[in-house]
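Residue strings, one per chain:
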Amino acid sequence: MKKHSILVGLGIVGLLFSCATNPLTGKKTLNFVSNSELFPTSFQQYGEFLNENKVVTGTADAKRVESVGVKIKSAAERYLASLGQTAYLDGYQWEYKLVQSPDVNAWCMPGGKIVVYSGILPITKDDAGLATVMGHEVSHALANHGAQRMSVSQIQELVGAGVSVATSGKSAATQQAFSTAYGLGSQFGVTLPFSRSNETEADKIGLTLMAIAGYNPDQAIEFWTRMSANSGGAAQPEFMSTHPSDATRIANLKAMLPEAKATAAKFGVVFK
């Protein structure tokens, strides 16, 4: 058996044995990385980041980040409990930190480690806007998107190695052409659409979490409209981006609103 056939075979075996159904999306997802492997590294990197950046404490904004974060965490716990998945959050060590930075950004590392940059607060504007952002970022962690991306990267490296082996006997120009074609194909055909799909999943889960937490999900539309205005129309074409276009995202969110509200109603939360 040729070496590249062995590599492809190993990749197929990995695909068969590394797919699990995520309770929040209902989809089978590729995941080679367990939480027991991922969380310790995540927590270490989070601590290093906080040590190297200015963490804001004791201010009204810092307290607001903490308060909204706790409500989103509680919503996630209640939602997962309703799905019979109380153990899903085992190992999570929630933290919510405001960091002084002009960047318009926020993120949540695997295991519930959240950072909100002060630069996004003028756009979040209020608690509902902040809940939109934090719910979205928490949802990336809950949907295991970080582990999925690591797994996809491993598969791409494996297949890329197979391409290199398969073309090893050809001219340098041919090898370069195959390598370039594979690189572009994997980026535009796999990586970027995969990232956009992750963003849409996080939008949907985040909308539900903010609604269960008591924040009107209609306000998510207002937040993303403000984000779009802040970008000034400078976004890349959608097919070249890791994120959906602003128009696509807002349209998707509007379509998701009835389901988010219906789910929140099951928890006794009703919006006028």
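Predicted model, so just to flag it, every value in this text is computed and none were measured. (Residues numbered from 1 in each chain as written. Predicted model: local features only at pLDDT ≥ 70, side-chain atom pairs only at ≥ 80, totals over all residues. Heavy atoms only, no water.)

On to the pairing of strand 4 (residues 95–99). Pairing geometry for strand 3 (residues 55–56) and strand 4, over two bridges, is antiparallel. Bridge pairing in strand 4 places valine 56 opposite leucine 98. Bridge analysis of strand 4 against strand 6 (residues 113–117) gives five bridges, and the strand direction is parallel. Directly across from valine 99, in strand 6, lies its bridge partner tyrosine 117. (Pairing = 2+ DSSP bridges. Helix = DSSP H or I, 4+ residues; strand = E, 2+ residues; numbered from the N terminus.)

Strand order in the open sheet made by the four strands is 3-4-6-5, with mixed pairing throughout. Among the strands making up the open sheet, the edge pair consists of strand 3 and strand 5 (106–109). Judged from the four bridges that link them, strand 5 and strand 6 form a sheet pairing that is antiparallel. Note that in strand 6 the partner of tryptophan 107 across the bridge is valine 115.

This part covers the packing of helix 5 (residues 127–142) against helix 8 (residues 218–231). One can describe the packing of helix 5 onto helix 8 by two numbers: an axis separation of 9 Å at closest approach and a directional angle of 80°. Here helix 5 lies roughly perpendicular to helix 8, going by the angle between them. Where helix 5 approaches helix 8, its residues Ala128, Gly129, Thr132 and Val133 are matched on the opposing element by Gln219, Ala220, Phe223, Trp224 and Arg226. Taken together, the residues of the contact of helix 5 with helix 8 sort by class into five nonpolar, three polar and one charged. (Axes fitted to C-alpha atoms, helices over the stretch in contact; angles between N-to-C directions. Parallel < 35°, antiparallel > 145°, perpendicular 65-115°, else oblique. Contact = heavy atoms within 4.5 Å. Nonpolar A, V, L, I, M, F, W, Y, C, P; charged D, E, K, R; others polar.)

A separate point is the side chain of lysine 113. Relative to the elements of secondary structure, lysine 113 occurs in strand 6. Of note is the side chain of lysine 113, whose polar atom sits 3.1 Å from the backbone oxygen of glutamine 93. At 2.6 Å, the side chain of lysine 113 and the side chain of glutamate 95 are in polar contact. Each residue touching lysine 113, except ones within four places of it in the same chain, is listed here: Phe43, Tyr46, Gln93, Glu95, Trp107 and Cys108. (Polar contact = N/O pair within 3.5 Å; in protein donor to acceptor, adjacent residues only side chain to side chain.)

Before going further, it helps to spend a moment on unusual backbone geometry. Positive phi, close to 70°, is recorded for lysine 125, a residue that is not glycine. The topology assignment puts lysine 125 in the loop between helix 4 (121–124) and helix 5. On the basis of relative accessible area, lysine 125 is assigned to the exposed category, the value being 61%. (Buried < 20%, exposed > 50% of the residue type's maximum accessible area, 1.4 Å probe, protein only.)

Okay, the packing of helix 8 against helix 9 (residues 246–265) next. In the contact formed by helix 8 and helix 9, the axes pass within 9 Å of each other and the chain directions differ by 170°. One way to sum up the angle between helix 8 and helix 9 is to call them roughly antiparallel. Contact with helix 8, carried on its side by Asp218, Ile221, Trp224, Thr225, Ser228 and Ser231, involves Asp246, Arg249, Ile250, Leu253, Lys254, Leu257 and Lys261 of helix 9 and no other residues of that element. In the contact of helix 8 with helix 9, the residues fall into five nonpolar, three polar and five charged.

Before going further, it helps to examine the packing of aromatic side chains. Any aromatic ring pair is given by two values, namely how distant the centres are and how the planes are angled relative to each other. Considering all chains together, one arrives at seven aromatic pairs under this definition. On the numbers, 5.4 Å between centres and 90° between planes, the contact of phenylalanine 39 with tyrosine 92 is edge-to-face. One end of the pair, phenylalanine 39, is in helix 2 (residues 35–52); the other, tyrosine 92, is in the loop between helix 3 (60–82) and strand 4, with 53 residues separating them in the sequence. Per residue, the accessibility class of phenylalanine 39 equals that of tyrosine 92, and both read buried. Taken together, a centroid distance of 5.0 Å and an interplanar angle of 80° make the contact between phenylalanine 49 and tryptophan 107 edge-to-face. Within this pair, whereas phenylalanine 49 is found in helix 2, its partner tryptophan 107 is found in strand 5, the two being separated by 58 residues in sequence. Taken as a pair, phenylalanine 49 and tryptophan 107 share a single burial class, namely buried. A connected cluster of aromatic rings, assembled from ring pairs, spans Phe39, Phe43, Tyr92 and Trp94. In this structure, lysine 113 packs its charged tip against the face of phenylalanine 43, placed 4.8 Å from the ring centre. In this arrangement the basic side chain of arginine 249 is found over the ring face of tryptophan 224, its NZ or CZ atom lying 4.1 Å from the centre. (Phe/Tyr/Trp six-rings, centres within 6.5 Å; stacked < 30°, edge-to-face > 60°. Lys NZ or Arg CZ within 6 Å of the ring centre and 35° of its normal.)

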